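Report on the structure
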Amino acid sequence: MNPPSRAIRLSDATPPGLIRMRLVATGLLLMMAALFLLARTQPGGHPAWGFLRAFAEAAMVGGLADWFAVTALFRHPLGLPIPHTAIVPRNKDRIGDTLATFLRDNFLIPGVVARRMNRLDVAAAAGRWLAAPKDAGGGRIKRGVSRLFASWLEAFDPERLGGMVKSAIGGRLRTTDVAPLLGQSLRAAMAEGRHLPLLDSVLQWAARALAGNEHLIRNMVHERAGSILRWTGLDETLANKIIDGLQGLIDDVAADPGHPLRLKAEESLELLAYDLQHDPEMRAKVEAFKAELIDNPAMQRWLDGLWEAARRGLLEVARNPDAALTGKLGEMLRQLGETLQADPRLRLTINRFVRRAAVGVAADYGDGIVRLVSETVRGWDARTITRRLENAVGRDLQYIRVNGTLVGGLVGLVIHAVDVAL
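None of the values given here were measured: they were computed from a predicted structure. (Residues numbered from 1 in each chain as written. Predicted model: local features only at pLDDT ≥ 70, side-chain atom pairs only at ≥ 80, totals over all residues. Heavy atoms only, no water.)

1. Brief notes about the nonpolar core
Listed in full, the 10 residues of the largest apolar core are Met21, Ala25, Leu28, Met32, Phe36, Phe55, Ala56, Ala59, Met60 and Val402. Taken together, the elements giving at least two residues each to this core come down to helix H1 (16-40) and helix H2 (48-74). Looking at this core, the element that brings in the most residues is H1, giving 5 residues. Excluding residues that lie within four positions of it along the chain, methionine 21 makes contacts with Arg395, Gln398, Tyr399 and Val402. Counting residues in hydrophobic clusters, the runner-up holds 6 residues, among them Leu210, Val221, Ala239 and Ile250. (Core = buried A, V, L, I, M, F, W, Y, C linked by side-chain atoms within 4.5 Å. Buried < 20%, exposed > 50% of the residue type's maximum accessible area, 1.4 Å probe, protein only. Helix = DSSP H or I, 4+ residues; strand = E, 2+ residues; numbered from the N terminus. Contact = heavy atoms within 4.5 Å.)

This is the structure:
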């Protein structure tokens, strides 16, 4: 586990868009100051200079006030320790605790999760976004949220978060009775004939195995044949007959859908599907095998790799969502989105699964997630988290400065016009 004082592991470079907006807001403020000075040099000129001076003066006041307000969120204006400034770095720990409490009270209580999830059509929303990701929303807010999500995902300790994910998957697998699911899947596959390619593949494998091991059959017959058979060469004839017979049997089963051996195999599969659903002994065997498989170190390593791969994929999508949806992956996701929109039964199944999974995660891991969020934010470096938040939302905050400058100027213009009229 990394030490609590670690900083977020993403580039601290200020986004170009934020730099441009800062220059625009600051430039507009300087332009108002220059305009005010120019108007001051024309005291007895045309009456329009009075309106211009009033506009510029009020615009400077509005722009300076909003500059102070925006700057005070993240640092001390001009480096002066003015009270109630540098709000984010001073209240970093409280922000983490408040965020954790907000998550717990609004998202991680099973009853609340169940009510909220009942109102959400997650599958339909995902289908619309996957089918047309560029039309489903974008712009600065989406990019800002994507960068912030990537920052949070990288900031969480991978081992702790991965351990929670692995424990959640393992816990769900342990509590899920997989035998009936396997039985139902097998029966459904047989009803639609989807098991036939599997039987054909088994027969093809048997034919290849026989062709590749003819020498073993010949050696076995030669070693077990009597001296007279070997002296007369009949052992070779017998081996050829056995090999030809086995090959002929495989060809007959492959070519004849009604062959007794094929029918016997299908009967065995039907019996297996029934036992998986209704036989307690068979279900106990499957559960024992499942438990042994979950506890196997190889399975644990596979789950670790699965989480790390999912984490890298989430980071890639968060950093560049448009690029992640190109190529074959993007085409598959778009097809999935179209299917989700067209198939109501599939949407119902997915929504039910998502609801159950969300309620289960909230019940089993809600407290752990809350502690993880709070401890992670507390462990962040104040300067770094301030820079991250400013980079994520600062561009929109600069619009506040621009709006404050313009609105202030308009208010000053109105007040001057009223004063002149009176």
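2. Some remarks on a nonpolar patch on the surface
The grouping of Ile169, Leu173, Trp302 and Leu306 at the surface amounts to a nonpolar patch, some 360 Å² of accessible area in total. Looking at the nonpolar patch, the elements with two or more residues in it are helix H8 (158-175) and helix H16 (297-319). (Patch = residues over 30% accessible without salt bridge, like charges linked within 9 Å, V, L, I, M, F, W, Y side chains within 5 Å. Areas by Shrake-Rupley, 256 points an atom, 1.4 Å probe, with all protein chains shown as cover. Salt bridge = Lys/Arg side-chain N within 4 Å of Asp/Glu carboxyl O.)

3. A short note on the pattern of salt bridges
Two side chains with opposite charge may pair up if their charged atoms get near one another. Applying the stated criterion across every chain, the model contains 3 salt bridges. A salt bridge links lysine 290 to glutamate 287, with the nearest nitrogen and oxygen atoms 2.8 Å apart. With lysine 290 and glutamate 287 both in helix H15 (residues 280-295) and 3 residues apart, this pair spans about one turn of that helix. Here lysine 290 falls in the buried class, since its relative accessible area comes to 10%.

4. Here's the deal with the confidence of the model for the chain
Across the chain, the average pLDDT comes to 76, with 80% of residues at 70 or higher. A low-confidence stretch, residues 1-11 stays under pLDDT 50, and its non-local contacts, those more than four residues away or across chains, total 33 contacts. (pLDDT = per-residue confidence, 0-100.)

5. Side note on unusual backbone geometry
In most cases, non-glycine residues show a negative phi, while peptide bonds are predominantly trans. In this model, leucine 78 sits at a positive phi of 60°, which is unusual for a non-glycine residue. With respect to the secondary-structure elements, leucine 78 resides in the loop between H2 and helix H3 (87-90). Overall, the relative accessible area of 73% leaves leucine 78 in the exposed class. Its identity as a non-glycine residue notwithstanding, alanine 86 has a phi of 50°, on the positive side. Position of alanine 86 relative to the elements: it lies in the loop between H2 and H3. For alanine 86, a relative accessible area of 4% corresponds to the buried category.

6. Digging into the layout of surface pockets
Taken as a whole, the second largest pocket encloses approximately 520 Å³ of empty space. Forming the walls of the second largest pocket are 13 residues, and the residues nearest its centre are Arg172, Thr176, Phe353, Arg356 and Ala357. At the level of secondary structure, the elements contributing two or more residues to the lining of the second largest pocket comprise H8 and helix H19 (344-379). At 8 residues, H19 tops the list of elements feeding residues into the lining of the second largest pocket. The class makeup of the residues in the lining of the second largest pocket is 7 nonpolar, 2 polar and 4 charged. (1 Å grid on protein atoms, 1.4 Å probe; cavity = no way out; pocket = protein on both sides within 12 Å on 5 of 7 lines; lining within 4 Å. Points joined across faces, edges and corners; volume = space filled by probe spheres on them. Nonpolar A, V, L, I, M, F, W, Y, C, P; charged D, E, K, R; others polar.)

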